[in-house]
Amino acid sequence: MKLVKPLQSLALGMAFIAIGPVAQAQIAGETLQKIKDTGTLTIGYRESSIPFSYLDGQQKPVGFSIDLCQRIADKVKQTLSLSNLAIKQVAVNSSNRIPLVSNGTVDIECGGTANNLARQKQVSFSVATFAGQPRWLVRTDSGFRTSSDLKDKTVVVTQGSNAVGFVRKINEDEKLRMQIIQAKDHGESMLTLTNGRAVAFLEDDILLAGERANTSNPAEYSFLQGGYEVGYYGLMFKKDNAGFKALVDGVLIGMMKDGSFEQVYKTWF
């Protein structure tokens, strides 16, 4: 999949944000001080959030967000003069990712999490790394074309995802009377669609595209017409942590300026 102009504009547009070097006073901030004291950076990864963060054939976390976080880890090592910085990887899911970041178990979540006002009350986000739009995925042979075709049907969303709120609102606004199943992760949600327990799966288009591409026959699955409000993804970390945010944003914006962000993007999309 080639680089799309909307994302290219997003990446370039973020470059105007002024992020200076991390001041020595900021390095004493909570997360950076914790990393310096322990010699460990703890990264949260997703097991089935393709192509942002997922397990490869060797059960190793890989993906777009994982690559971005590796650049951030390199900067942490340099900034804190930790030549032997250890990287600890912790699996997170849609339901526990925010609590694990908020309580400090995970220093930075390297997944596919949309930034919104509700989540900003609990955690902080980096500058935007991607823009996604919630859409419906159905079996191609279902004959469904629009969301109105889902009336009185059973649909699936991933527990803890923004899609849970979306599907409830859609159900109410469009009076669809859908039965809603919540699966534990995107992989299980896709399985619920493939085995026929649900006729449609609502999630951000890029995540659905990743799940569809991972099936034995992607042509068996199609998007319904139209979509919903665009959401902007970011890397997630503990709230009110200016020093760590400055470091993370500085790395990402630097990558957007020098072209390496686009190179990483092309690797995964």
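Structural data are supplied above this passage.
A few points on the structure. (Residues numbered from 1 in each chain as written. Predicted model: local features only at pLDDT ≥ 70, side-chain atom pairs only at ≥ 80, totals over all residues. Heavy atoms only, no water.)

Right, let's talk about the state of the cysteines for a bit. Considering all chains together, one arrives at 1 disulfide under this definition. Residue Cys69 pairs covalently with Cys110 via a disulfide, S to S 1.9 Å. Its S-S torsion of approximately -100° makes the covalent link between Cys69 and Cys110 left-handed. With Cys69 in helix H4 (residues 64-79) and Cys110 in strand S6 (residues 108-115), this residue pair connects regions lying 41 residues apart in the sequence. Take Cys69 and Cys110: they sit in the same class, and that class is buried. (Disulfide = S-S within 2.5 Å. Helix = DSSP H or I, 4+ residues; strand = E, 2+ residues; numbered from the N terminus. Buried < 20%, exposed > 50% of the residue type's maximum accessible area, 1.4 Å probe, protein only.)

Attention now goes to the packing of helix H10 (residues 242-258) against helix H11 (residues 260-268). As a packed pair, H10 and H11 sit with axes 5 Å apart at the nearest point and diverge in direction by 90°. The orientation of H10 with respect to H11, classified from their angle, is roughly perpendicular. Mapping the contact onto sequence places Leu252, Met255, Met256 and Asp258 in H10 and Ser260, Phe261 and Val264 in H11. Looking at the contact of H10 with H11, its residues break down into 5 nonpolar, 1 polar and 1 charged. (Axes fitted to C-alpha atoms, helices over the stretch in contact; angles between N-to-C directions. Parallel < 35°, antiparallel > 145°, perpendicular 65-115°, else oblique. Contact = heavy atoms within 4.5 Å. Nonpolar A, V, L, I, M, F, W, Y, C, P; charged D, E, K, R; others polar.)

Here the focus is the pattern of salt bridges. According to the stated counting rule, one finds 8 salt bridges in the structure shown. Here Asp173 makes a salt bridge to Lys169, at a shortest N to O gap of 2.5 Å. Residue Asp173 and its partner Lys169 are located together in helix H7 (residues 162-173), separated by 4 residues, close to a single helical turn. Residue Asp173 is classed as partly exposed on the basis of its relative accessible area, which comes to 47%. Between Lys266 and Glu262 there is a salt bridge, with the nearest N and O atoms lying 3.4 Å from each other. Of this pair, Lys266 and Glu262 both sit in helix H11, separated by 4 residues, roughly a single helical turn. Through salt bridges with shared partners, one network takes in Arg139, Asp141 and Glu220. (Salt bridge = Lys/Arg side-chain N within 4 Å of Asp/Glu carboxyl O.)

This paragraph deals with the sheet that holds strand S12 (residues 200-204). Judged by pairing direction, the sheet is mixed, and its 5 strands sit side by side in the order S11-S10-S12-S9-S13 without closing on themselves. Strands at the two margins of the open sheet, each flanked by one partner only, are strand S11 (179-183) and strand S13 (221-223). When strand polarity is set aside, the average angle formed by the axes of neighbouring strands in this sheet is 30°. Where strand S10 (residues 154-158) meets S12, 2 bridges bridge the pair, whose relative direction is parallel. Looking across to S12, one finds that Val156 is bridged to Phe201. (Pairing = 2+ DSSP bridges.)

Any functional reading would require information that these geometric values do not contain.
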